[in-house]
Amino acid sequence: MKHKNSLSQSTINLKTLENQPEGKLFYDQTMRLLYATDASAYKEMPLAVVIPKTKEDIQKIIAFA
């Protein structure tokens, strides 16, 4: 589990990514919860959900990660 400080810093970093992708970037609770759930018994809450529109979006997301 990350410390609250690390989570706050990650949220700040996400805001720098906000205007970069042409696709959509979500970091609200609802979208994160939707993407945290799959058919398995595990649930891992992501910091954000990105739906890329272009291959450049994918490159930017990978560079950010």
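Residues numbered from 1 in each chain as written. Predicted model: local features only at pLDDT ≥ 70, side-chain atom pairs only at ≥ 80, totals over all residues. Heavy atoms only, no water.

Asks: In this structure, what is going on with the overall build of the chain? I would like to understand it.
Replies: From N to C terminus, the chain includes three helices and two strands. Along its sequence from the N terminus, the chain presents helices and strands in the succession α-β-α-β-α. Intrachain contacts of the chain at a sequence separation of at least 6 include 44% that bridge at least 24 residues. When the accessible surface of the chain is split by element, carbon and sulfur atoms take 56% of a total near 5,300 Å². (Helix = DSSP H or I, 4+ residues; strand = E, 2+ residues; numbered from the N terminus. Contact = heavy atoms within 4.5 Å. Areas by Shrake-Rupley, 256 points an atom, 1.4 Å probe, with all protein chains shown as cover.)

Asks: Is there a simple way to explain helix α2 (residues 29-36) in this structure?
Replies: Helical periodicity: at 3.6 residues per turn, an α-helix aligns residues three or four positions apart in one direction. Listed as buried for α2 are M31, R32 and A36. Along the axis of α2, the buried positions cluster into a sector of 135°, meaning they face one direction only. Among the exposed residues of α2, those oriented more than 90 degrees off its buried face are T30 and L34. Each element contacted by the buried residues of α2 is listed here: β1 (24-26) and β2 (49-51). (Buried < 20%, exposed > 50% of the residue type's maximum accessible area, 1.4 Å probe, protein only. Arc of directions from axis to C-beta.)

Asks: I'm lost on the environment of G23 in this one. Help?
Replies: Residue placement: G23 occurs in the loop between α1 (4-17) and β1. When the C-alpha atoms of G23 and K53 are compared, they prove to be 4.3 Å apart, with 30 residues separating the residues in sequence. Excluding its chain neighbours within four sequence positions, the residues that come into contact with G23 are I51, P52, K53 and D57.

Asks: Explain the confidence of the model for the chain to me, please; I cannot follow it from the model alone.
Replies: On average, residues of the chain score 77 in pLDDT, and 71% of them are at 70 or above. Across the chain, the secondary-structure element scoring lowest on mean pLDDT is α1, at 58, and the one scoring highest is β2, at 89. (pLDDT = per-residue confidence, 0-100.)

Asks: Even after reading the chapter, I still don't get the environment of K60, so can you show me in this structure?
Replies: Along the chain, K60 falls in helix α3 (residues 55-64). In this structure the C-alpha to C-alpha distance between K60 and P21, which are 39 residues apart in sequence, comes to 7.2 Å.

Asks: I keep staring at the side chain of R32 and nothing clicks. Help me out?
Replies: Structurally, R32 is set in helix α2. Put simply, R32 is tucked away with no salt bridge, and the nearest opposite charge, on D28, sits 8.0 Å away. If near-sequence neighbours (up to four positions away) are discounted, R32 is found in contact with Y27, M45, P46, L47, A48 and V49. (Lys, Arg positive; Asp, Glu negative; His and termini not counted. Salt bridge = Lys/Arg side-chain N within 4 Å of Asp/Glu carboxyl O.)

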